[in-house]
Amino acid sequence: MTVHFIGAGPGAADLITVRGQQLLARCGVCLYPGSLTPVDLLAHCPPGARLVDTAELTLEQITAELVRAHEQGEDVARLCSGDPAVYSAVAEQMRRLDAAGVPYDVTPGVPAFAAAAAVLGRELTVPTVGQSLILTRAQARSTAMPDGEDLATLGASGATLALHLAVNRIEQVVAELLPNYGEDCPVAVVAQASQPEERVLRGTLGDIAAQVREAGITRAAMIFVGRVLAAGNFPDSFLYSAERPRKS
């Protein structure tokens, strides 16, 4: 039997992949992350499936559920919000499953930053304006950031930033980025992308903190910082240029 780590997407039930939906439909056990999982998504589970909300469970308790399902001969779906590759704590669970000799696989999902960019209607890599995207977060009540990964250091590149888990520390984010990006640098905050409660704020480093506090956004939000957010006068990509050599 196999543990299937499945990217559940950013929130909307129809933004799970076809593969993820098909796996859900055949797993007798499903572990899911509480309020981050829409009820409509759990409806893909087979009738009688055992549903386990992991919101209040420890890592050891979650692992025990996964191992128990395996030992009972059942495939188990472990839903992860967004995509398992980013901020999902999948690495810790995989390490424990390896030690227990339990097989697993991974099905990717739509990451939160991609869903938020779609809401904004923006490409995050714009010719001559920004060709790099840094996915990171702000230090809060969580695991310490490694040396050299603080916002001031990352911001020295001038690259577009996509910040997870940072909206509650928006003032700190602004303070650390101002020296490298300037007050006029465009910023966007997208809360609960793809969900009915979705909200979007657009501004600059000079005013975004006040906007966030006034809107009362405290969770499930992506913060984007970079000139690509307002880019309009830029050259076309060479990919489709008539000047690019074509195969004969």
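Residues numbered from 1 in each chain as written. Predicted model: local features only at pLDDT ≥ 70, side-chain atom pairs only at ≥ 80, totals over all residues. Heavy atoms only, no water.

As recorded in an unreviewed UniProt entry, the chain goes by Precorrin-4 C(11)-methyltransferase and comes from Prauserella muralis. In its Pathway (unreviewed entry) section, the UniProt record describing the chain reads: "Cofactor biosynthesis; adenosylcobalamin biosynthesis." (UniProt positions renumbered as here; feature names shortened; annotations may be inferred.)

Time to look at the domain arrangement of the chain. By the assigned domains, the chain splits into domain 1 (3-107) and domain 2 (112-230). The C-alpha centroid of domain 2 is placed 28 Å from the C-alpha centroid of domain 1. Of the residues lining the interface, nine residues belong to domain 1; the matching set on domain 2 comes to 11 residues. For the pair domain 1 and domain 2, the summed buried surface comes to about 670 Å²; carbon and sulfur atoms form 64% of the total. Considering only the side of domain 1, the residues that lose the most area to domain 2 are Pro-10, Val-86 and Tyr-87, jointly responsible for 67% of the buried surface there. The interface formed by domain 1 and domain 2 holds zero salt bridges in total. (Domains from an automatic or database assignment. Contact = heavy atoms within 4.5 Å. Buried area = accessible area lost by both parts, 1.4 Å probe. Salt bridge = Lys/Arg side-chain N within 4 Å of Asp/Glu carboxyl O.)

Ordered in space as 6-7-10-8-9, the five strands form an open sheet in which the pairing is mixed. The open sheet has two free edges, formed respectively by strand 6 (133-137) and strand 9 (199-204), since each of these has just one partner strand. Strand-to-strand, the axes of this sheet are offset by a mean angle of 20°, without reference to chain direction. Examined bridge by bridge, strand 8 (residues 186-191) and strand 10 (residues 221-225) share five bridges and lie antiparallel to one another. Counterpart to Val-187 in the pairing with strand 10 is Val-225. (Pairing = 2+ DSSP bridges. Helix = DSSP H or I, 4+ residues; strand = E, 2+ residues; numbered from the N terminus. Axes fitted to C-alpha atoms, helices over the stretch in contact; angles between N-to-C directions.)

Bringing the environment of Val-174 into the picture now. Mapped onto the fold, Val-174 is located in helix 7 (residues 170-181). When neighbours within four sequence positions are excluded, Val-174 is seen to be in contact with Leu-205, Ile-208 and Ala-209.

Another point: the pattern of salt bridges. Within this structure, the stated rule accounts for five salt bridges. Here Arg-68 and Glu-65 are joined by a salt bridge, their closest N and O atoms 3.1 Å apart. Of this pair, Arg-68 and Glu-65 both sit in helix 3 (residues 59-71), three residues apart, roughly one helical turn. On the basis of relative accessible area, Glu-65 is assigned to the buried category, the value being 14%. Note that Glu-171 is salt-bridged to Arg-213, the shortest N-O span being 2.8 Å. Remark: Arg-213 occurs in helix 8 (residues 208-215) and Glu-171 occurs in helix 7; sequence separation between them is 42 residues. Linked through salt bridges whose partners overlap, the residues forming this network are Arg-50, Glu-65 and Arg-68. (Buried < 20%, exposed > 50% of the residue type's maximum accessible area, 1.4 Å probe, protein only.)

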